Amino acid sequence: MKIVFLGTPEFAVESLDAIIKAGHEVAAVVTATDKPAGRGHKLLPSAVKQYAVDKGIEVLQPAKLRDPEFLQRLREINADMFVVIAFRMLPEEVWAMPPKGTFNLHASLLPRYRGAAPINRAVMAGESKTGVTTFLLQHDIDTGDILRQEEISIAPDENVGSVHDRLMHLGARVTVETLADIAAGTARPQKQIDAEATAAPKIFKDDCRLDPSMTAEQARNHIRGLSPYPGAWTDALIDGQVIKVFSAVHAGDRRPGHLYMDFADGALELLEIQPAGKKRMAATDYLRGLRS
């Protein structure tokens, strides 16, 4: 099929590559505008744009998705279908345009974890499983009819980085299988059960704070669900200093030279941290460097 692909981060690139390798024609990609980064505020392209430029694929970067010139270019491309992965919410003028519709790959088992941060939120909540879902777009975000869904388990000590990478590869395969279903006319969309829905809102700085009123297990899951990015943090340990925490285990007997944090029903030993203004390091190395 002839496809327009809409996406931005590395998570989306894996599926874009799989679509091309499966023999579909990607006529254009739509991605975010270049963003300033680093001390020099140099404009950097998205991961999807970098991939598309390397492959010689047309890149569209509209500031507004209702821009008349952008909509006209989409009409001229005359794609069979649009595929959306990790992009912003689309207006109906866009998602209703192609004759075979528009589908989205979402990194959760919908209707669970609808929203912008499904992988983080699932791990933060201590879930033992998650997965990916392809679904047809409609007006309300992440509510469309399900096309395909596949599940994976989450290991008790796994962090969001490894879950992200496994879902990225799984999502690429499920995306290609969904396209095959649609091309063959065998897709059978299924309604979501709204009563089973949960939310996965965008994560802000305050969402990452380690609250001493959490149980130790809630705090451990909080750390796993935010590692390696954006990182759980606390200012409750050493003179109000902000410290990011990337890994921790339930504390046994307390030993000198190790870093602990108390919670409502017990303590965690913090294993890997990043003090403000410093590099990520073992907590034991940080303590060795303290002079007071």
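The present account deals with the structure reproduced in this document. (Residues numbered from 1 in each chain as written. Predicted model: local features only at pLDDT ≥ 70, side-chain atom pairs only at ≥ 80, totals over all residues. Heavy atoms only, no water.)

1. Let's talk about the nonpolar core
In step 1: In terms of nonpolar packing, the biggest core is built from 33 residues, with Phe5, Phe11, Val29, Val83 and Leu167 touching the most fellow members.
In step 2: Looking at which element gives the most residues to this core, the answer is helix 6 (residues 160-184), with eight residues.
In step 3: If you look at the next biggest cluster of nonpolar residues, it comprises 25 residues, including Met124, Leu210, Met261 and Leu287. (Core = buried A, V, L, I, M, F, W, Y, C linked by side-chain atoms within 4.5 Å. Buried < 20%, exposed > 50% of the residue type's maximum accessible area, 1.4 Å probe, protein only. Helix = DSSP H or I, 4+ residues; strand = E, 2+ residues; numbered from the N terminus.)

2. Some remarks on helix 7 (residues 216-224)
In step 1: Burial analysis of helix 7 places seven of its nine residues in the buried class, which makes it a mostly covered element.
In step 2: Restricting attention to buried positions, one finds in helix 7 the residues Ala216, Ala219, Arg220, Asn221, His222, Ile223 and Arg224.
In step 3: On its buried side, helix 7 packs onto helix 5 (118-124), helix 6, strand 10 (232-234), strand 11 (243-250), strand 12 (259-263) and strand 13 (266-275). (Contact = heavy atoms within 4.5 Å.)

3. Details of the side chain of threonine 130
In step 1: With respect to the helices and strands, threonine 130 occurs in strand 8 (residues 129-136).
In step 2: With relative accessibility at 5%, the residue threonine 130 sits in the buried group.
In step 3: Other than its neighbours up to four places away in sequence, threonine 130 contacts Ala107, Ser108, Leu109, Ala122, Glu150, Glu151, Ile152, Ile154, Val163 and Leu167.

4. A short note on the packing of aromatic side chains
In step 1: All chains considered together, the criterion is met by zero aromatic pairs.
In step 2: Between lysine 205 and the ring centre of tryptophan 233, over which it is positioned, the NZ or CZ distance is 5.6 Å. (Phe/Tyr/Trp six-rings, centres within 6.5 Å; stacked < 30°, edge-to-face > 60°. Lys NZ or Arg CZ within 6 Å of the ring centre and 35° of its normal.)

5. Topic: the sheet that holds strand 6 (residues 81-85)
In step 1: As summarised here, the arrangement of the seven strands in space is 5-2-1-6-7-8-9, forming an open sheet in which the pairing is mixed. The strands lining the two open edges of the sheet, one partner per strand, are strand 5 (58-60) and strand 9 (146-153). Pairs of neighbouring strands in the sheet enclose a mean axial angle of 20°, with direction left out of account.
In step 2: Relative to strand 8, strand 7 (residues 102-106) runs antiparallel, the two being bridged by four bridges. Directly across from leucine 105, in strand 8, lies its bridge partner threonine 134.
In step 3: Contacting strand 1 (2-7), strand 6, strand 7, strand 8 and strand 9, helix 6 runs over the sheet at an angle of about 150° to strand 9. (Pairing = 2+ DSSP bridges. Axes fitted to C-alpha atoms, helices over the stretch in contact; angles between N-to-C directions.)

6. Structural notes on unusual backbone geometry
In step 1: A cis geometry characterises the amide bond from leucine 110 onward to proline 111, with omega recorded as 10°.
In step 2: Cis peptide bonds are those with omega within 30 degrees of zero, and the linkage from serine 227 to proline 228 qualifies with 10°.
In step 3: Considering the arrangement of structural elements, one finds proline 228 in the loop between helix 7 and strand 10.
In step 4: Despite not being glycine, tyrosine 113 has its phi angle at roughly 60°, a positive value.
In step 5: Secondary-structure assignment places tyrosine 113 in the loop between strand 7 and helix 5.
In step 6: Relative accessible area serves as the criterion here: at 10%, tyrosine 113 is assigned to the buried category.

7. Digging into helix 2 (residues 47-55)
In step 1: Here helix 2 has its buried residues at Val48, Lys49, Tyr51 and Ala52. All buried residues of helix 2 project into a common sector of 165° when viewed along the axis, lining one side. Relative to its buried face, helix 2 has exposed residues pointing more than 90 degrees away, namely Val53 and Asp54.
In step 2: In this structure, the buried residues of helix 2 make contact with strand 1, helix 1 (10-21), strand 2 (25-30) and strand 5. (Arc of directions from axis to C-beta.)

8. Focus: the packing of helix 1 against helix 2
In step 1: Taken N-terminus to C-terminus, the directions of helix 1 and helix 2 make an angle of 30°; their axes are 8 Å apart at the nearest point. Judged by the angle between their axes, helix 1 and helix 2 are roughly parallel. Every residue of helix 2 that contacts helix 1 at Glu10, Ala12, Val13, Leu16, Asp17 and Ile20 is listed here: Ala47, Val48 and Tyr51.
In step 2: Residues belonging to the contact of helix 1 with helix 2 are distributed by class as follows: seven nonpolar, no polar and two charged. (Parallel < 35°, antiparallel > 145°, perpendicular 65-115°, else oblique. Nonpolar A, V, L, I, M, F, W, Y, C, P; charged D, E, K, R; others polar.)

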